[in-house]
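Architecture at a glance
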Amino acid sequence: MNEIVIGIGVVLVVIVLMILASCIKIVPQAHAYIVERLGGYLATWSVGIHFKMPILDRVARKVNLKEQVMDFAPQPVITKDNVTMQIDTVVFFQITDPKLYAYGVENPIVAIENLTATTLRNIIGDLELDQTLTSRETINTHMRSNLDIATDPWGIKVNRVELKNIIPPREIQDSMEKQMKAERERRESILRAEGQKKSSVLVAEGNKESAILEAEAEKEAAILRAEAKKEAMIREAEGRAQAIEAVQKATAEGIRYLNEAAPSDKVLTIKSLEAFEKAADGQATKIIIPSEIQGIAGLAKAVVESVKDN
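Things to note about a nonpolar patch on the surface
Judged by side-chain polarity, Ile4, Ile8, Val11, Leu12, Ile15 and Ile19 come together as a nonpolar surface patch covering roughly 530 Å² of accessible area. Within the secondary structure, isoleucine 8 sits in helix α1 (residues 2-22). Look at isoleucine 8 and you get partly exposed, because its relative accessible area is 48%.

Some remarks on helix α3 (residues 108-124)
Taking 1.5 Å of rise per residue, the 17 residues of α3 would be expected to cover 24 Å, and the 24 Å separating its terminal C-alpha atoms lies within 8% of that figure. Those residues of α3 that sit buried are Pro108, Ala111, Ile112, Leu115, Thr116, Ala117, Thr119, Leu120, Ile123 and Ile124.

What about the side chain of glutamate 36?
By secondary structure assignment, the location of glutamate 36 is in strand β2 (residues 31-37). Judged by relative accessible area, glutamate 36 falls into the buried class, the value being 7%. Sequence-distant contacts of glutamate 36, that is, excluding residues within four places in its chain, are made with Tyr41, Leu42, Leu56, Asp57, Arg58, Ala60 and Tyr103.

Focus: the packing of aromatic side chains
Scanning the model with the defined rule gives one aromatic pair in all. For the ring pair tyrosine 41 and tyrosine 103, a centre distance of 6.0 Å and an interplane angle of 85° mean the geometry is edge-to-face. Placement of tyrosine 41 in strand β3 (residues 40-45) and of tyrosine 103 in helix α2 (residues 98-103) is noted, with a sequence separation of 62 residues between them. On the accessibility criterion, tyrosine 41 (34% relative accessible area) is partly exposed.

Points about the pattern of salt bridges
Close approach of charged atoms allows side chains with opposite charge to pair. This structure, assessed with the given rule, holds eleven salt bridges. Between arginine 240 and glutamate 236 there is a salt bridge, with the nearest N and O atoms lying 2.7 Å from each other. In this pair, arginine 240 and glutamate 236 both sit in helix α6 (residues 170-261), four residues apart, roughly one turn of the helix. Glutamate 236 gets classed as partly exposed once you look at its relative accessible area, which sits at 43%. What emerges from the salt-bridge pattern is a single network uniting Glu183, Arg186 and Arg187.

Definitions and limits used
- Residues numbered from 1 in each chain as written.
- Predicted model: local features only at pLDDT ≥ 70, side-chain atom pairs only at ≥ 80, totals over all residues.
- Heavy atoms only, no water.
- Patch = residues over 30% accessible without salt bridge, like charges linked within 9 Å, V, L, I, M, F, W, Y side chains within 5 Å.
- Areas by Shrake-Rupley, 256 points an atom, 1.4 Å probe, with all protein chains shown as cover.
- Salt bridge = Lys/Arg side-chain N within 4 Å of Asp/Glu carboxyl O.
- Helix = DSSP H or I, 4+ residues; strand = E, 2+ residues; numbered from the N terminus.
- Buried < 20%, exposed > 50% of the residue type's maximum accessible area, 1.4 Å probe, protein only.
- Expected span 1.5 Å × (residues − 1).
- Contact = heavy atoms within 4.5 Å.
- Phe/Tyr/Trp six-rings, centres within 6.5 Å; stacked < 30°, edge-to-face > 60°.

Dropping the structure here:
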């Protein structure tokens, strides 16, 4: 009997400990717990350790306060010019009020997805195809603003919305690819023409520079040739002047020697004849002999005969 009582006591103690353990809750970082008492909202527990009343209290919802990312499937939308395309979006949101998130709307994620689809259709419906493809930032800004206003009563803050992919119909894609190819070919032709133009200009400038350099080189060469010719003429003139000066000096020296020697008239007569002999050694066919020279010749003949007689 005692053993049965002990066993029942142990069971009761275990049950009590389990109940007490279930009443202790630890809320982790970046989370919040919504607590209800008898089915009604009681409190929102933040980070830390908390205790609840057994049986009466319960944790109705555990809310993640981190920023979350939802990638929604592509949605069919129609542009202003009646082009149907597929657009998928990425929504970045964060729960700011756990109580509103828990009691504001049923299944908030599905609500955000449907709201995103309808908002996207409204915005794209006012834009044409080209505007849709080139206005991603504008569309993102409008969607974020509209979603943030709509989700504020749910305790949700929409931080950012991005259009992940814009997929137009296949025929539109083909047309766009052809247009892009034509545009690339046009730009290539323009770049090629500009390159050829620049090349021609550079070649012309190079030829001009080359002609200028050649002209300058020819000019410098002509100046150097003229200077060399001038220098040669100066050197030649100086050489002739020096030769004449040397001859004159030799002549003057010879005259000085003759004057110092005091030659007789006979010697002078012989020197005159020698000079006459040199004068007659030319190519002239006629020689005019002055009368004075004739007299000197007679005198020289007499001198020679006198020498022979002796």
